[in-house]
Amino acid sequence: MSEHLEIEQKFEVGEDFRRPDFGGVGDGVTAGDPVTHHLSATYYDTRDQRLAGAKITLRRRTGGTDEGWHMKLPVSGDTRRELREPLSDELPGALAARAAEVTGGIPVEPIARLDTERIVVTLHHEGRAAAEVADDTVTARRLDAAGDGTTLRWREIEVEVAEAGSPAGEAAARLLAEAGARPARSASKLGRLLGR
């Protein structure tokens, strides 16, 4: 199992939002060319959403540069600890055991499906990757008993940084806010779908 510290800010934007040009976002910061990924994620939880209640997400995702199983655990503010396992058909034992610690042994099952078209712009500072801006168009639906087959669609932008206080990340977030992006009301895509 690998582990990754995720530090990101999320923004809500309308379908017609024009993503700013991040090329001149700050001194010594350059922007790579946009790269498009198609992601498909199935989220798991108990029927009474014990993981979501603990601000934990568990998903199996295909597509992108980090496909596989991901469990995100809250740390503080905009920071989460992400545990990763390689892509497989079954929930890996290590993540199942971590989930069971929270669910009291109640098994998890698919509760939601999210398909995302993601356009990524990587910001470099002094020659190394310092931040990633992900412009996501999300199509989501619940799979649990509370779902009624309705599909929701929205657009959001995430700014993920390699280190807290990254000047490139802060400048990108400021540029997005100036262009009309608003801080997201939900900390995760799943939270938005579930109304959390």
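Presented here is an overview of the structure given in this document.

As for the nonpolar core
- The biggest cluster of nonpolar side chains holds 21 residues, and the ones touching the most others in it are Phe22, Leu123, Val133 and Leu176.
- Elements with a minimum of two residues in this core: β1 (2–13), β7 (109–125), β8 (128–142), β9 (152–161) and α3 (167–178).
- Broken down by element, this core gets its largest block of residues, five residues, from α3.
- What Leu176 contacts, discounting residues up to four positions off in sequence, is Phe11, Phe17, Pro20, Phe22, Ile157, Val159 and Ala181.
- Grouped together as the second largest cluster of nonpolar side chains are 12 residues, Ala41, Ile111, Val138 and Leu190 included.

Details of the packing of aromatic side chains
- Summed over all chains, the structure comprises one aromatic pair.
- Aromatic pair Tyr44 and Trp69: ring centres 5.3 Å apart, planes at 45°, arrangement tilted. Of this pair, Tyr44 sits in strand β3 (residues 35–45) while Trp69 sits in strand β5 (residues 68–76), placing them 25 residues apart in sequence.

Concerning the pattern of salt bridges
- This model, assessed by the stated rule, comprises 26 salt bridges.
- Of the charged contacts, one joins Glu6 and Arg80 as a salt bridge, the two residues approaching to 3.0 Å between their closest N and O atoms. Here the residue Glu6 occupies a position in strand β1, and Arg80 occupies one in strand β6 (residues 79–85), the gap between them amounting to 74 residues. For the residue pair Glu6 and Arg80, the accessibility class agrees, reading buried in each case.
- Two residues, Arg84 and Glu82, come together in a salt bridge whose shortest N-O distance is 3.0 Å.

Comments concerning the pairing of β8
- With 14 bridges connecting them, β7 and β8 associate as antiparallel partners. Opposite Val120, over in β8, you have Ala134 as the bridge partner.
- Between β7 and β8, which pair antiparallel in sequence order, lie two residues; one of them, Glu126, sits at a positive phi of approximately 55°.
- Bridge analysis of β8 against β9 gives 10 bridges, and the strand direction is antiparallel.

Details of the side chain of Glu158
- For Glu158, the position within the fold is in strand β9.
- Polar contacts involving the side chain of Glu158 include one to the side chain of Arg118, which spans 3.5 Å.

Some points on α3
- For α3, which comprises 12 residues, the first-to-last C-alpha distance of 16 Å matches the rise-based estimate of 16 Å (1.5 Å per residue) to within 8%.
- Gly180, located one to two residues past α3, shows a positive phi value of around 110°.

Details of unusual backbone geometry
- Residues other than glycine seldom take positive phi values, yet Gln49 does so here, at roughly 55°.
- Taking the relative accessible area as the measure of exposure, Gln49 reaches 12% and is therefore buried.
- Although it is not a glycine, Glu126 sits at a positive phi angle of roughly 55°.
- With respect to the helices, strands and loops of the structure, Glu126 is situated in the loop between β7 and β8.

What counts and what doesn't
Residues numbered from 1 in each chain as written. Predicted model: local features only at pLDDT ≥ 70, side-chain atom pairs only at ≥ 80, totals over all residues. Heavy atoms only, no water. Core = buried A, V, L, I, M, F, W, Y, C linked by side-chain atoms within 4.5 Å. Buried < 20%, exposed > 50% of the residue type's maximum accessible area, 1.4 Å probe, protein only. Helix = DSSP H or I, 4+ residues; strand = E, 2+ residues; numbered from the N terminus. Contact = heavy atoms within 4.5 Å. Phe/Tyr/Trp six-rings, centres within 6.5 Å; stacked < 30°, edge-to-face > 60°. Salt bridge = Lys/Arg side-chain N within 4 Å of Asp/Glu carboxyl O. Pairing = 2+ DSSP bridges. Polar contact = N/O pair within 3.5 Å; in protein donor to acceptor, adjacent residues only side chain to side chain. Expected span 1.5 Å × (residues − 1).

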